[in-house]
Amino acid sequence: MNERQPSRTALGAAGYRAAHQLLEGGKVFSDPFARAILGDGADAIIAGLSAGPAQQRMRLFMAMRSRFAEDCLGAGVSRGVRQVVVLGAGFDTFALRNPYSDVGLRVFEVDHPATQAWKRKRLFEVGLAIPPSLTFAAIDFEHDDLGLGLRDAGFDPDRPAFFIWLGVVPYLGRTAIAATLRYIASIPESEVVFDYSESLENYPPEQRPEIVALGAYTAEIGEPWLSHFDPDEIAQELRGYGFGDIEDLGMSQLAVRYLGVPPGASKSAPGGHMMRAARIP
């Protein structure tokens, strides 16, 4: 990505969340700040992400992944978690909506320094105040020490924590992914929710051109896909790091949970996955 510009994919994800509020009425995931954080360019961004069935699928996946992550976080807060780390936060708005601030939930947003600086500037421009429960930690996953950066920001590695890691894993190399997961697993009673994609070979031939085109686009804007996983492979890797409680939902399972699709009505197919992994006694 351009060192002086925000992540284009982060802007795209925010645009999909905003489009979901407009086109589906936020029925899967309600985010009253999704459009506001995009500023004056919101309408153009939303319009560019609203046409065609492929964009609808992506829009719904973006909504479902945010809903899944925040549902899991709510369960974590119920069991006593009081610090959440949003890795690769982009233009995520959870910290602005934090419904658990009254019980002391602290939010740490981690992202590339350029994206984070741009986001802080945008929050100021649109009049959205940074809440006291939010702390920014400017960290580059590929080059910086995550644990050191979080500790410097006030994160307590000796207390239970919940990590939300959305829209980042495909853009990182395997070494950076492994280092991040090992660090999360080192936190007592830690839990992480992240999304990942399967390799092109797992898709049926008729769907591959769409995937290739999307991959070409991200490469063209300087944010190429670097890592894909098979479901069995990533589950085995997580167990190796010490995670014992693992939940992996593909698109068909997410559709059952959040779109009201009857179980068994659609076949499991390769695509985006939501993974939850926890070290809970």
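Residues numbered from 1 in each chain as written. Predicted model: local features only at pLDDT ≥ 70, side-chain atom pairs only at ≥ 80, totals over all residues. Heavy atoms only, no water.

S.K.: Teacher, can you tell me more about the side chain of Thr 9 here?
M.R.: With respect to the element layout, Thr 9 can be found in helix α1 (residues 8–23). We classify Thr 9 as buried; its relative accessible area is 18%. Leave out the neighbours within four places in its chain, and Thr 9 touches Tyr 171, Ile 221 and Glu 223. (Helix = DSSP H or I, 4+ residues; strand = E, 2+ residues; numbered from the N terminus. Buried < 20%, exposed > 50% of the residue type's maximum accessible area, 1.4 Å probe, protein only. Contact = heavy atoms within 4.5 Å.)

S.K.: Explanation requested: the pairing of strand β4 (residues 162–165) in the structure shown.
M.R.: Two faces belong to every sheet, and in a regular strand the side chains alternate between them. Of the two faces of β4, the one lined by Phe 162 and Ile 164 and the one lined by Phe 163 and Trp 165 are each fully buried. Of the strand pairs in this sheet, strand β1 (residues 83–87) and β4 are connected by four bridges, and their pairing is parallel. Each residue of the ladder has a partner; that of Leu 87, found in β4, is Trp 165. As judged from the four bridges shared by β4 and strand β5 (residues 191–197), these two strands associate in the parallel manner. By the bridge assignment for β5, Trp 165 is matched with Phe 194. (Pairing = 2+ DSSP bridges.)

S.K.: Sorry, what's going on with the packing of helix α3 (residues 53–78) against helix α10 (residues 251–258) here?
M.R.: The angle between the axes and the distance between the axes are what describe a pair of packed helices. Relative to each other, α3 and α10 sit at 70°, their axes nearing to 10 Å. One finds that α3 runs roughly perpendicular with respect to α10. Between α3 and α10, the contacting residues are Arg 57, Phe 61, Met 64, Arg 67, Phe 68 and Asp 71 on the first element and Met 251, Leu 254, Ala 255, Arg 257 and Tyr 258 on the second. (Axes fitted to C-alpha atoms, helices over the stretch in contact; angles between N-to-C directions. Parallel < 35°, antiparallel > 145°, perpendicular 65-115°, else oblique.)

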